[in-house]
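Report on the structure
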Amino acid sequence: MKTRALAVTAASTPFISYEFERRALRPNDIAIDITYAGICHSDIHQVREEWGPAIFPMVPGHEIVGRVSALGSAVTSFTVAESVGVGVFVDSCRTCDSCKKGLGNYCEEGMTGTYNGYERDGKTVAMGGYSNRFVIDADYAIHVPAHLDQSGVAPLLCAGITLFSPLKNWGAGPGVKVGIMGLGGLGHMGVKFAHALGADVTVFSHSPSKEKDALAMGADHFVSTKDISNLKPLHKSFDLILNTVSARLDINEYLELLKLDGTLVVIGLPGEPYSVQPGVLLNGRRSMAGSMIGGIPETQEMLEFCGKHNIVSDVEVISADYVDAAYERTVASDVKYRFVIDASTI
Ligand code: NAP
Ligand code: ZN
Ligand code: ZN
């Protein structure tokens, strides 16, 4: 299936137009005409090889939304023209304990990523969503509520589920004090979900100009971390903190904010280790945990939650020729709050 895309051919080089063939439909596959693809900071880390050597040419993109254009002979779960999403992984072993629990994102063999990796045959390079068409096994595709605006839906497939999953897992809800570190693509979805779940939400941001937006999204409090001493009065007051910051920081400053038995969940992946003071963890039986996207069933649950609460991402829709500039602006924390590529311009 002939596909038009945007690719980089080496680390940190500009995007170029690129054509390649996607596979013909297998019995359980669906074909998708992509309408929008979000730009996740993980795309940037990988294009720039900040997580180690990458596979080029690379077509990034794992926040994909579109319409079903064709069905494999065995597919009964989707219909042609319905709104459909694809996230960070397109397959997994399906037999390990994690996969059996619907947590293919934690597959013991490793999930099969949407790009910058090999498909399960071990030789086909997976190509992502900065493209006009997609082919995926129907078991790894997500139904999207028809009334949600597709451009705002695209980021839900990574940014959305990545915050929804830990908020549910660590019990965010009424009476729970939740902190969200970083108001970017992930962080702003965390604010919307935590608010909708009934938690008391505080945003920690190094961009004071984002305060008004944070409160409009549902945050109850905004703390500027430009002056780190602003954290001191808040020591020992949070149940759950989700760290979405893409850059290095002193994690101990934030662990100090946790109450007895509180948990700080690491979500941002700067590619460098954090230095943790053991005493800060011991004092208050605090935990530091991690969380990586979410499984297919919980991604479906998240989209249904979004449908019910009318939640989508705040997006800036861009055309294909703006992607390089969008990367620069994302790294500068200058996006409100996710860039989404209009696939018709690719
Ligand atoms: P993003 O849109 O660039 O947001 C990151 C936010 O971090 C920025 O908006 C900014 O918020 C804050 N920040 C950036 N640089 C900073 C600095 N030098 N000091 C303090 N704060 C800074 O990125 P994203 O797409 O949300 O992704 C965030 C991170 O999560 C990335 O590392 C990404 O790879 C990772 N990620 C992880 C998963 C997972 O499954 N765990 C999934 C997707 C992405 P303020 O302006 O409000 O301070
Ligand atoms: Zn992502
Ligand atoms: Zn598995």
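Refer to the structure printed above.
What you see is a predicted model; the values in this text were computed from it and never measured. (Residues numbered from 1 in each chain as written. Chains lettered and ligands numbered in written order. Predicted model: local features only at pLDDT ≥ 70, side-chain atom pairs only at ≥ 80, totals over all residues. Heavy atoms only, no water.)

What follows is about the coordination of the zinc ion (ligand 3). Within the protein, the zinc ion (ligand 3) binds to Cys-93 (SG), Cys-96 (SG), Cys-99 (SG) and Cys-107 (SG); these donor distances fall in the range 2.3 to 2.4 Å. Seen from the zinc ion (ligand 3), its four donor atoms lie at angles of 103 to 120 degrees, and the figure they make is tetrahedral. Read in sequence order, the donor residues coordinating the zinc ion (ligand 3) give the pattern C-x2-C-x2-C-x7-C. Taken as a pair, Cys-99 and Cys-107 share a single burial class, namely buried. (Donors = N, O, S within 2.8 Å, 3.2 Å for Na, K, Ca; no water. Tetrahedral: all angles 85-135°; square planar, octahedral: opposite > 155°, others 65-115°. Buried < 20%, exposed > 50% of the residue type's maximum accessible area, 1.4 Å probe, protein only.)

Right, let's get into the sheet that holds strand S14 (residues 258-266). If you trace the six strands from one edge of the open sheet to the other, you get S12-S11-S10-S13-S14-S15, paired in parallel fashion. The sheet is open, and its two edges are formed by strand S12 (221-224) and strand S15 (287-290), each paired on a single side. This sheet shows a mean twist of 20 degrees between the axes of neighbouring strands, independent of strand direction. Relative to strand S11 (residues 200-205), strand S10 (residues 177-181) runs parallel, the two being bridged by five bridges. Looking across to S11, one finds that Val-178 is bridged to Val-201. In the packing of helix H4 (residues 159-169) onto the sheet, the strands contacted are S10, strand S13 (238-243) and S14, and the crossing angle to S13 comes to about 160 degrees. (Pairing = 2+ DSSP bridges. Helix = DSSP H or I, 4+ residues; strand = E, 2+ residues; numbered from the N terminus. Axes fitted to C-alpha atoms, helices over the stretch in contact; angles between N-to-C directions. Contact = heavy atoms within 4.5 Å.)

Moving on, we get to the packing of aromatic side chains. In total, this model carries 10 aromatic pairs according to the counting rule given. Look at Phe-204 and Phe-238: their rings are 5.5 Å apart centre to centre, the planes differ by 65 degrees, and that puts the pair in the edge-to-face class. Of this pair, Phe-204 sits in strand S11 while Phe-238 sits in strand S13, and the two are 34 residues apart along the sequence. In terms of burial, Phe-204 and Phe-238 fall into one category: buried. Chaining the aromatic ring pairs together yields one cluster made of Phe-15, Tyr-130 and Tyr-327. Above the face of the Phe-238 ring, Lys-177 is positioned so that its terminal group lies 5.1 Å from the ring centre. (Phe/Tyr/Trp six-rings, centres within 6.5 Å; stacked < 30°, edge-to-face > 60°. Lys NZ or Arg CZ within 6 Å of the ring centre and 35° of its normal.)

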